[in-house]
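# Results of the structural survey
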Amino acid sequence: MRKLILYLGAFLLLGAVLTGFTNNAEQDATTDKSNELQSENPGNVDIQEGVSGIIAKVKELQKLTEERTDNTDEINELGEAIEKNWDSIEKKVEASHPEDYKNIEESLYPLIATAKKDKVNKTNLRTLSLETLDKLEAFKQKL
């Protein structure tokens, strides 16, 4: 009886150890695969982060266009910030996704230009920000 308990205990211990190693091997394989994908396209991570930052700024700009107060200075600053963020990823987007680049710029540059004006047309800015957000969100989903 004692030998049976000893063998059963050893068997259970061995099973637990093997299960632990199997889970680690699967986890390592998953980690290796994600690292491999990131090493293949490290630019996509930068692009994705940049696009996320631009989306946040455009949403902030959109909120400002809905306010009734004169907030031209804040709108101008956000226009500058959006331009700066876009400039930081523009070359990568153009090189890796030329069609999306062209599509985004068709609404992004007019948005930036309108946001940087001394007298801001909030209605036009609101329309441009919605259009730009749609394009940026669609592009982010593709990444």
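What you see as residue numbers is a count from 1 along each chain, following the sequence as written. Given that this is a predicted model, residues contribute local features only at a pLDDT of at least 70 and side-chain atom pairs are listed and counted only at 80 or more, while totals for whole chains, interfaces and linings are drawn from all residues. Hydrogen atoms and water are omitted, and side-chain values are computed over all heavy atoms in the structure.

### Remarks on the pattern of salt bridges
For clarity, the threshold we go by: For this analysis, a salt bridge means a side-chain nitrogen from Lys or Arg found within 4 Å of a carboxyl oxygen belonging to Asp or Glu. Numbering of helices and strands starts at the N terminus; helices are DSSP runs of H or I of at least 4 residues and strands are runs of E of at least 2. Residue burial is assigned from relative accessible area. The probe radius is 1.4 Å, only protein chains are included, and a residue is buried under 20% of its type maximum, exposed over 50%, and partly exposed in between.
Enumeration over the complete set of coordinates arrives at seven salt bridges. Salt-bridge contacts for D46 lead to K92; the nearest nitrogen and oxygen are separated by 2.9 Å. In this pair, D46 is assigned in helix α2 (residues 42-66) and K92 in helix α3 (residues 72-96), connecting sequence segments 46 residues apart. Overall, the relative accessible area of 35% leaves D46 in the partly exposed class. Residue D100 pairs with K142 through a salt bridge whose shortest N-O separation is 3.0 Å. Here D100 is found in helix α4 (residues 98-115), whereas its partner K142 is found in helix α5 (residues 122-142), with 42 residues between them in sequence. Exposure remark for D100: the relative accessible area of 14% places this residue in the buried category. With relative accessibility at 59%, the residue K142 sits in the exposed group. A single salt-bridge network, built from bridges that share partners, covers E80, E83 and K116.

### Examining α3
To be explicit about the condition: Helix span, expected: 1.5 Å multiplied by one less than the number of residues in the helix. The angle between axes fitted to the seven-residue stretch ending at a residue and the seven-residue stretch beginning at it gives the bend at that residue.
Relative to the 36 Å expected for 25 residues at 1.5 Å per residue, α3 spans 35 Å between its end C-alpha atoms, a close match to the ideal helical length. A maximum bend of about 50° is found in α3 at I89. Every buried residue belonging to α3 is among T72, I75, N76, L78, G79, I82, W86, I89, E90 and V93, and all of these are buried.

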